[in-house]
Amino acid sequence: MASPSLSLLAGGIIIGHSAEGVRVQLIATSESAHDADALILEEDTHLILSAPAILPRKPEHPIRTMTALIDAKPVRPGEVIVKGRSAPFRFLAVVHDIERTPSWRPDWVRAALNAVVQEAAVRELRSIALPVLAGKHGNMEPAVFAAMLRETLLSRPTARLGSVYLLLPPLDPVGRRRVERALNGPTHDQAEIANEPSTP
């Protein structure tokens, strides 16, 4: 099998082997995710972050609500809960435990990324869209996350996955270059990326 390769192209960065790469496209969070087959969301062990902000018109009886809370079992960090029976799916990536400080850990993010790719492979998805996990409710650096994403895509290839839309927070040109460098691979050490000045 050919050695892993990546090239920066207009419209995306290709990660993977020469004939079976995955296109990673960097997208501002305000832009469309191009109707991806699955949207990955940042979640916590009690599934609070994805809970609806609006209460239902007919709320549950208080006793039933309390019973449900008592019986609820927390999800293990690093796991992914799949919502939906057909595309577009919602994947809840559990990367937070709100009972701990800090609420997230890099190994949970890495485990969740592996689970996301595995679930995408099981469902033969062609595209997924995901934010920087632990970036919204944590302080995960986009460039460090991009390096984790690259590592995951190279170590867990899928037959059908062709596009990954990486939904980025607002970044200055230097921050975006750091993400691109992380996706470009092992020629740039993660520590070097993390320590690069954030201003031009």
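Let us look at the structure shown here. (Residues numbered from 1 in each chain as written. Predicted model: local features only at pLDDT ≥ 70, side-chain atom pairs only at ≥ 80, totals over all residues. Heavy atoms only, no water.)

**A look at the overall build of the chain**
In terms of helices and strands, the chain carries 5 helices and 8 strands. For the chain, buried positions account for 39% of its 200 residues. Looking at the chain alone, contacts between residues at least 24 apart form 67% of all its contacts between residues at least 6 apart. For the chain, the accessible surface area stands at approximately 11,700 Å², while carbon and sulfur atoms represent 54% of it. (Helix = DSSP H or I, 4+ residues; strand = E, 2+ residues; numbered from the N terminus. Buried < 20%, exposed > 50% of the residue type's maximum accessible area, 1.4 Å probe, protein only. Contact = heavy atoms within 4.5 Å. Areas by Shrake-Rupley, 256 points an atom, 1.4 Å probe, with all protein chains shown as cover.)

**Side note on the pattern of salt bridges**
The final tally for this structure, using the stated rule, is 5 salt bridges. Here Asp97 ties to Arg100 by a salt bridge, and the two come within 3.2 Å at their closest N and O atoms. A residue is classified by how much of its surface remains accessible, and Asp97, at 10% relative accessible area, is buried. Measuring nitrogen to oxygen at the nearest pair gives 3.7 Å for the salt bridge that ties Glu180 to Arg176. Within this pair, Glu180 and its partner Arg176 are both found in helix α4 (residues 173-184), separated by 4 residues, close to a single helical turn. (Salt bridge = Lys/Arg side-chain N within 4 Å of Asp/Glu carboxyl O.)

**Thoughts on the packing of aromatic side chains**
Considering all chains together, one arrives at 1 aromatic pair under this definition. Judged by centre distance (6.3 Å) and plane angle (45°), the ring pair of Phe89 and Phe91 falls under tilted. The same class applies to Phe89 as to Phe91, namely buried. Lying over the aromatic face of Phe89, Arg123 brings its terminal NZ or CZ to 5.6 Å of the ring centre. (Phe/Tyr/Trp six-rings, centres within 6.5 Å; stacked < 30°, edge-to-face > 60°. Lys NZ or Arg CZ within 6 Å of the ring centre and 35° of its normal.)

**A look at the layout of surface pockets**
In this structure, the largest pocket occupies an estimated 330 Å³ of space. Taken together, 19 residues make up the lining of the largest pocket; nearest its centre are Leu41, Glu42, Pro131, Lys136 and His137. Top contributing element to the lining of the largest pocket by residue count: strand β4 (residues 38-44), with 4 residues. In terms of residue class, the lining of the largest pocket is made up of 10 nonpolar, 6 polar and 3 charged. (1 Å grid on protein atoms, 1.4 Å probe; cavity = no way out; pocket = protein on both sides within 12 Å on 5 of 7 lines; lining within 4 Å. Points joined across faces, edges and corners; volume = space filled by probe spheres on them. Nonpolar A, V, L, I, M, F, W, Y, C, P; charged D, E, K, R; others polar.)

**What about the pairing of strand β7 (residues 127-131)?**
One face of the sheet, then the other: side chains in a regular strand alternate in exactly this way. Where burial is concerned, most of β7 is hidden: 4 out of the 5 residues are buried. Bridge analysis of β4 against β7 gives 2 bridges, and the strand direction is parallel. From the neighbouring strand, Ala38 faces β7, where its bridge partner is Ile128. Bridge analysis of β7 against strand β8 (residues 163-168) gives 5 bridges, and the strand direction is parallel. Across the sheet, Ala129 pairs through a bridge with Tyr165, a residue of β8. In this region the chain leaves β7, passes through helix α3 (residues 142-155) and returns to the parallel neighbour β8; the handedness of that crossover is right-handed. (Pairing = 2+ DSSP bridges. Right-handed = clockwise from strand over helix to strand, strands pointing away.)

**Digging into the nonpolar core**
Formed by 41 residues in total, the largest nonpolar core has its most connected members in Val109, Ile128, Leu133, Met140, Phe145 and Val164. For this core, the elements supplying multiple residues, two or more each, are β3 (22-28), β4, β6 (89-96), α2 (106-122), β7, α3, β8 and α4. The leading source of residues in this core is α3, at 8 residues. If sequence neighbours within four positions are ignored, Val109 has contacts with Val95, Trp104, Leu133, Ala134, Met140, Phe145 and Met148. (Core = buried A, V, L, I, M, F, W, Y, C linked by side-chain atoms within 4.5 Å.)

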